[in-house]
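Coordinate analysis (summary)
The residues making up each chain are set out below.
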Amino acid sequence: MPGTLLHENPAEHEFPRLVAIWRSAVDATHDFLASGDRDAIERALIPDYFPAVHLVSAKLDGQTVGFSGVADGNLEMLFVDDAFRGRGVGGRLLAHAIAERGVRRVDVNEQNTQAVAFYDHAGFRVRDRSETDGAGRPYPILHLELVQ
């Protein structure tokens, strides 16, 4: 999207804003997620998840509104503040991850139908399915791969 600026490796002082974006996006799209699981994941973002990925933040009019995280060709996270969804920020983050970080795979909660449609539109197709998420919680995961 024009006007969206991407920043590699946001500084740690920006992490609380990324957590707020994550919470906004999850509250809008993950109604299937139990509140205890949501809170546990949120607490792990800064100490565990952010250091494990290459982060890119998206800024619109100087405000951070989204971010992505990539590790080993996998898109591990992509979240856009609910107030900014539908403006092309997610598509810009995804295109950057594909072009600059070699992303070819992403795992998505099967119950997050908006995300499933987003990745399908971008050319990702289901290659496998798991009954539980990576932590063994009862949230089915679709393993998607980019088809080109």
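Residues numbered from 1 in each chain as written. Predicted model: local features only at pLDDT ≥ 70, side-chain atom pairs only at ≥ 80, totals over all residues. Heavy atoms only, no water.

**Re the nonpolar core**
Generally speaking, soluble globular proteins have nonpolar side chains that are buried together. Our working definition: The nonpolar core is taken to be a set of buried Ala, Val, Leu, Ile, Met, Phe, Trp, Tyr and Cys residues, with the residues joined through side-chain atoms within 4.5 Å. Exposure is judged per residue with a 1.4 Å probe applied to protein chains only, and the accessible area is read against the type maximum: over 50% gives exposed, under 20% gives buried, and values in between give partly exposed. Numbering of helices and strands starts at the N terminus; helices are DSSP runs of H or I of at least 4 residues and strands are runs of E of at least 2. Whether two residues are in contact is decided by their heavy atoms: any pair within 4.5 Å suffices.
Residues Leu75, Leu78, Leu94, Val103, Tyr119, Phe124 and Leu144 are the most contacted members of the largest nonpolar core, which totals 23 residues. Looking at this core, the elements with two or more residues in it are strand E2 (54–60), strand E3 (63–71), strand E4 (74–80), helix H3 (89–101), strand E5 (105–109), helix H4 (113–121) and strand E7 (141–146). Top contributing element to this core by residue count: H3, with five residues. Look past the residues within four positions of Leu144 in its chain and what remains in contact with it is Arg104, Arg105, Val106, Asp107, Val108, Tyr119, Phe124, Arg125, Val126 and Arg127.

**Remarks on the packing of helix H1 (residues 15–29) against helix H2 (residues 35–49)**
How we decide: Each axis is a line fitted through C-alpha atoms, taken for helices only over the stretch in contact, and angles between the N-to-C directions span 0 to 180 degrees. When an angle is under 35 degrees it counts as roughly parallel; over 145 it counts as roughly antiparallel; between 65 and 115 it counts as roughly perpendicular; any other value is oblique. It is the rotation of the near helix from the far one that decides the hand of a crossing: anticlockwise by less than a right angle makes it left-handed, clockwise makes it right-handed. Side-chain classes are defined by residue name, with Ala, Val, Leu, Ile, Met, Phe, Trp, Tyr, Cys and Pro counting as nonpolar, Asp, Glu, Lys and Arg as charged, and the others, Gly among them, as polar.
At a closest axis distance of 10 Å, the pairing of H1 and H2 adopts a crossing angle of 155°. In terms of axis orientation, H1 runs roughly antiparallel to H2. The handedness of the crossing between H1 and H2 is right-handed. Between H1 and H2, the contacting residues are Phe15, Pro16, Val19, Trp22, Arg23, Val26 and Asp27 on the first element and Arg38, Asp39, Ile41, Glu42, Leu45 and Ile46 on the second. Here the residues of the contact of H1 with H2 are counted per class, giving eight nonpolar, no polar and five charged.

**A short note on the sheet that holds E4**
Hydrogen bonds along the backbone pair up the strands of a sheet, which may run parallel or antiparallel. To keep things clear, this is the line we draw: Any two strands are treated as partners once DSSP identifies two or more bridges connecting them.
The seven strands lie next to each other as E1-E2-E3-E4-E5-E7-E6, forming an open sheet whose pairing is mixed. Either end of the sheet is taken by a strand with one partner, and the two such strands are strand E1 (4–8) and strand E6 (124–130). Across this sheet, the average inter-strand angle for adjacent strands is 30°, counted without regard to direction. Alignment of E3 against E4, held across six bridges, turns out to be antiparallel. Bridged to Gly69 within E4 is Met77. Contacts from H4 reach E4, E5, E6 and E7, with the element oriented near 155° to E5.

**Some remarks on the packing of aromatic side chains**
Here is the rule we go by: Pairing of aromatic rings covers Phe, Tyr and the six-membered ring of Trp, with a centre-to-centre limit of 6.5 Å; geometry is then stacked below 30 degrees between planes, edge-to-face above 60, and tilted otherwise.
Counted by the stated rule, this structure contains seven aromatic pairs. Between Trp22 and Phe79, the aromatic rings sit 6.3 Å apart at their centres with planes inclined by 65°, giving edge-to-face as the arrangement. Within this pair, whereas Trp22 is found in helix H1, its partner Phe79 is found in strand E4, the two being separated by 57 residues in sequence. A relative accessible area of 15% places Phe79 in the buried class. When the centroid spacing of 5.0 Å and the interplanar angle of 75° are considered together, the rings of Phe118 and Tyr119 count as edge-to-face. With relative accessibility at 30%, the residue Phe118 sits in the partly exposed group. For Tyr119, a relative accessible area of 6% corresponds to the buried category.

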